[in-house]
Amino acid sequence: MSEPKKLYIKTYGCQMNVYDSERMSEALGGQGYVETQSPEDADMILLNTCHIREKAAEKVYSELGRFKGLKAEKPDLKIGVAGCVAQAEGEEIMRRQPLVDLVVGPQSYHRLPELEAKARAGEKALDTDFPEEDKFEKLKNRPKAKRGPTAFLTVQEGCDKFCAFCVVPYTRGAEVSRPADRILREAQDLVERGVREITLLGQNVNAYHGAGPNGDMTLAGLIWELNKIDGLERIRFTTSHPNDMTDDLIEAHGTCEKLMPYLHLPVQSGSDKILKRMNRSHTAESYLHLIERIREARPDILMSGDFIVGFPEETEEDFQATLDLVEQVRYGYAYSFKYSTRPGTPAAERPQVDPQEADDRLQRLQALITRHQREVQDAMVGRTVNVLFEKPGRLPGQMVGKSEYLHAVHVSGGELSAGDLRPVRITASGANSLAGALL
Ligand code: SAH
Ligand code: SF4
Ligand code: F3S
């Protein structure tokens, strides 16, 4: 038998890219590839890219430049670009960086075997279509390998919301939900391979409306079906849009035993003027009211969110409204970004905020968020949480896992293995994680 070819994949961007990289690795597994952790060993290098902010997209070209030497030493090495930069820039990538042999958009991964063969034959291979067929169904030739205790599962892709700053509707295309039976089969398979926690993924996951046995199913409906799978202990989902937080989903947070008390619900700004210009179609007040209802259903839920500062025409007053909203919500986690102009999006045409002013606002927002994050985390000390252990920690005999609130928890001593779910008493709160002892 011939030596297997080696594949090096580097993943940027969101969790959906992490899931997609696993699928691409499996698709190329069928072509005789095994994954390697070092680009020097690789016969094929794939960068799975992100286009969300300018920095993310530029990183791809500097990374590609670093492969020049490798390609000179090893002319058979094939270099591919996948993901959202591939979709947004297509052929332009090959023009700008002639090292690239293959460009594949997020909706065409099931065609990777053909594209790889074309690249091997010395041709340039490009596919950035939005084909009709279900790429995940075509990507099913997975080996039944054992898995770690947590996994991502994409249930919905694309977005029809067209927020004025965002490239996702262009790079990922229109919103599409996968049929429920396929998701449930995939979940069952993951559980049989050792997975105990599944995070359902979608750019707009709570807009899920996949075909079920009795018409379309909501995300809550899907979660209740997953809740029945023996051996699956935890369910999470991300990322949600405030306008798609339906009553049944809010209620599930109070009643569904396996649904974890953590919700990522980006708001982007606390100013109604800016929200309107962002085309978010919710107000600060409607968002706060929504959180009130979610907390009524599940009082201990940990909220997380995303913010953009320095959106075109944001004034100091608008920014203050964002700080006020953050004060009211007190996020357990929040991610904030300086607005990045994305060519082709409506906001790119609007008057831009002075970059230094935007930097200053970002720092002030991050300081506030960090303080709240720390307070929320510190308040866990003395409480008992359930930890799903994932891997050994840095110290000998130590294991790390996640609490139901997604805090990392370190525990030393005890006969723990990855996949164990155990009650832990929290004894200390550090910079980015908690420490505790088994009960
Ligand atoms: N679908 C999700 C997240 C999309 S991208 C949602 O609707 O919330 C993740 C985050 O990146 C966004 O929530 C937003 O905060 C940020 N983001 C998107 N486009 C951006 C841009 N042009 N500049 C800066 N941040 C951006
Ligand atoms: Fe982008 Fe808005 Fe869609 Fe989220 S909801 S992916 S921010 S367009
Ligand atoms: Fe980036 Fe595409 Fe995800 S732009 S955030 S990788 S959907």
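What you see is a predicted model, and the numbers here were worked out from it, not measured in a lab.

### Notes on the domain arrangement of the protein chain
Domain parsing of the protein chain yields domain 1 (5-127), domain 2 (135-308) and domain 3 (384-438). The gap between the C-alpha centroids of domain 1 and domain 3 is 36 Å.

### A few points about the layout of surface pockets
Here the second largest pocket defines a volume of roughly 490 Å³. Considering the residues around the second largest pocket, the lining is formed by 20 residues, among which Ser21, Glu22, Ser25, Glu26 and Glu35 are closest to the centre. At the level of secondary structure, the elements contributing two or more residues to the lining of the second largest pocket comprise β1 (5-11) and α1 (15-29). Among the elements that make up the lining of the second largest pocket, the one with the highest residue count is α1 (seven residues). Residues that form the lining of the second largest pocket fall into these classes: five nonpolar, eight polar and seven charged. Two domains share the lining of the second largest pocket, each providing at least three of its residues, namely domain 1 (5-127) and domain 2 (135-308).

### Considerations on the site of ligand 3
Neighbouring residues of ligand 3: Cys14, Asn17, Thr49, Cys50, His51, Ile52, Cys84, Arg172 and Gln203. Considered class by class, the residues forming the shell around ligand 3 number four nonpolar, four polar and one charged.

### Focus: the sheet that holds strand β10 (residues 197-201)
Neighbouring strands of a sheet are bound in pairs by backbone hydrogen bonds; such pairs are parallel or else antiparallel. As summarised here, the arrangement of the three strands in space is β7-β10-β13, forming an open sheet in which the pairing is parallel. At either end of the open sheet lies a strand with only one pairing partner, and these are β7 (150-154) and β13 (234-238). Geometrically, the sheet is characterised by an average inter-axis angle of 25 degrees between neighbouring strands, direction not taken into account. Bridging between β10 and β13 involves five bridges; their strand directions are parallel. Bridge pairing links Leu201 to Thr238 in β13.

### Considering the UniProt feature "domain: MTTase N-terminal" (unreviewed entry) in the protein chain
Per the UniProt annotation, the sites labelled "domain: MTTase N-terminal" (unreviewed entry) are residues 5-121. Secondary structure across residues 5-121 divides into 46% helix and 21% strand, with the first and last C-alpha atoms of the span separated by 15 Å.

### Details of the packing of helix α14 (residues 316-329) against helix α15 (residues 355-378)
A packed helix pair is summarised by two numbers, namely the angle formed by the two axes and the spacing between the axes. Closest axis-to-axis distance for the α14/α15 pair is 10 Å, and the angle between their directions is 10 degrees. With respect to α15, the axis of α14 lies roughly parallel. For the pair α14 and α15, contact is made by Glu316, Phe319, Gln320, Thr322, Leu323, Val326 and Glu327 and by Glu357, Arg361, Arg364, Leu365, Leu368, Ile369, Arg371 and His372, respectively. Taken together, the residues that form the contact of α14 with α15 break down as six nonpolar, three polar and six charged.

### Quick word on the pattern of salt bridges
Tallying each qualifying case throughout the model produces 36 salt bridges. When the shortest N-O distance is used, the salt bridge between Arg196 and Glu233 registers 2.9 Å. With Arg196 in the loop between α9 (180-192) and β10 and Glu233 in the loop between α10 (219-226) and β13, this residue pair connects regions lying 37 residues apart in the sequence. Judged by relative accessible area, which is 27%, Glu233 ranks as partly exposed. Connected through salt bridges with shared partners, the residues Glu314, Glu316, Glu357, Asp360, Arg361 and Arg364 form a single ionic network.

### Points about the site of ligand 2
Ligand 2 sits among Cys159, Lys161, Phe162, Cys163, Phe165, Cys166, Val168, Pro169, His241 and Arg280. Considering only residue class, the shell around ligand 2 consists of seven nonpolar, one polar and two charged.

### Regarding the sheet that holds strand β20 (residues 421-429)
The strand order around the closed barrel built from five strands is β17-β18-β19-β21-β20, with neighbouring strands paired in mixed fashion. Ignoring which end each strand starts from, the neighbouring axes of this sheet average 55 degrees apart. Two elements, strand β19 (residues 408-412) and strand β21 (residues 434-438), share three bridges in a ladder whose sense is parallel. Bridge pairing in β21 places His410 opposite Ala435.

### Topic: the pairing of β20
Judged from the five bridges that link them, strand β17 (residues 384-392) and β20 form a sheet pairing that is antiparallel. Bridge pairing in β20 links Thr384 to Arg425. Sheet analysis places β20 next to β21, joined by five bridges and oriented antiparallel. Each residue of the ladder has a partner; that of Ser429, found in β21, is Leu434.

### Notes on the packing of aromatic side chains
Enumeration over the complete set of coordinates arrives at five aromatic pairs. Ring centres 5.5 Å apart and planes at 85 degrees place the aromatic pair Phe307 and Tyr331 in the edge-to-face group. Taken as a pair, Phe307 in strand β15 (residues 302-309) and Tyr331 in the loop between α14 and β16 (333-338) lie far apart in primary sequence, 24 residues in all. Overall, the relative accessible area of 0% leaves Phe307 in the buried class. Classification of Tyr331 as buried rests on a relative accessible area of 1%. When the centroid spacing of 5.5 Å and the interplanar angle of 75 degrees are considered together, the rings of Phe311 and Tyr339 count as edge-to-face. In this pair, Phe311 sits in the loop between β15 and α14 while Tyr339 sits in the loop between β16 and α15, placing the two residues 28 residues apart along the sequence. The pair formed by Phe311 and Tyr339 is uniform in burial state, with each residue classed as buried. Through successive ring pairs, a cluster of aromatic residues spans Phe165, Phe311 and Tyr339. The ring of Phe337 is capped by Arg53, whose NZ or CZ atom sits 3.7 Å from the centre of that ring.

Reading the values: rules and limits
- For every chain, the first residue of the written sequence is number 1, and numbering continues from 1 onward in sequence order.
- Chains carry letters and ligands carry numbers; both start at the beginning, A for chains and 1 for ligands, and go up in the order they are written.
- Confidence filtering applies because this is a predicted model: local features only for residues at pLDDT of at least 70, side-chain atom pairs given and counted only at 80 or more, and all residues used for totals across whole chains, interfaces and linings.
- Values shown for side chains rest on all heavy atoms present in the structure; no hydrogens or waters enter the calculation.
- For every domain, the bounds stem from an assignment made automatically or drawn from a database.
- Definitions used for this entry: grid spacing 1 Å over protein atoms alone; cavity, a set of points where a 1.4 Å probe fits but cannot get out; pocket, an open set with protein on both sides within 12 Å along at least 5 of 7 lines; lining residue, one with an atom within 4 Å of a point.
- Grid points are joined across faces, edges and corners, and a volume is the space filled by probe spheres set on the points.
- Strands here are runs of E lasting at least two residues and helices are runs of H or I lasting at least four, both read from the DSSP assignment and numbered beginning at the N terminus.
- Ten residue types, Ala, Val, Leu, Ile, Met, Phe, Trp, Tyr, Cys and Pro, are classed as nonpolar, four, Asp, Glu, Lys and Arg, as charged, and the remainder, Gly among them, as polar.
- Only heavy atoms are used to decide nearness, and a residue is near a molecule or strand if one of them lies within 4 Å of it.
- For two strands to pair, DSSP has to find at least two bridges joining them.
- Between N-to-C directions, angles cover 0 to 180 degrees, with each direction set by a line fitted to C-alpha atoms, over the stretch in contact for helices.
- UniProt positions are given in the numbering used here, feature names are shortened, and annotations may be inferred rather than shown by experiment.
- Note on terminology: angles under 35 degrees are roughly parallel, angles over 145 are roughly antiparallel, angles of 65 to 115 are roughly perpendicular, and the others are oblique.
- Pairs of residues are marked as contacts when any of their non-hydrogen atoms sit within 4.5 Å.
- We define a salt bridge as a contact between a side-chain nitrogen of Lys or Arg and a carboxyl oxygen of Asp or Glu at a distance within 4 Å.
- Whether a residue is buried, partly exposed or exposed follows from its accessible area with a 1.4 Å probe, protein chains only, as a fraction of its type maximum: under 20%, in between, or over 50%, in that order.
- Pairs were defined over the aromatic rings of Phe, Tyr and Trp, the Trp ring being its six-membered one, requiring ring centres within 6.5 Å. Orientation was assigned from the angle between planes: stacked under 30 degrees, edge-to-face over 60, tilted for the rest.
- Counting as a charge over the ring demands two things of the Lys NZ or Arg CZ atom: a distance within 6 Å of the ring centre and an angle within 35 degrees of the ring normal.

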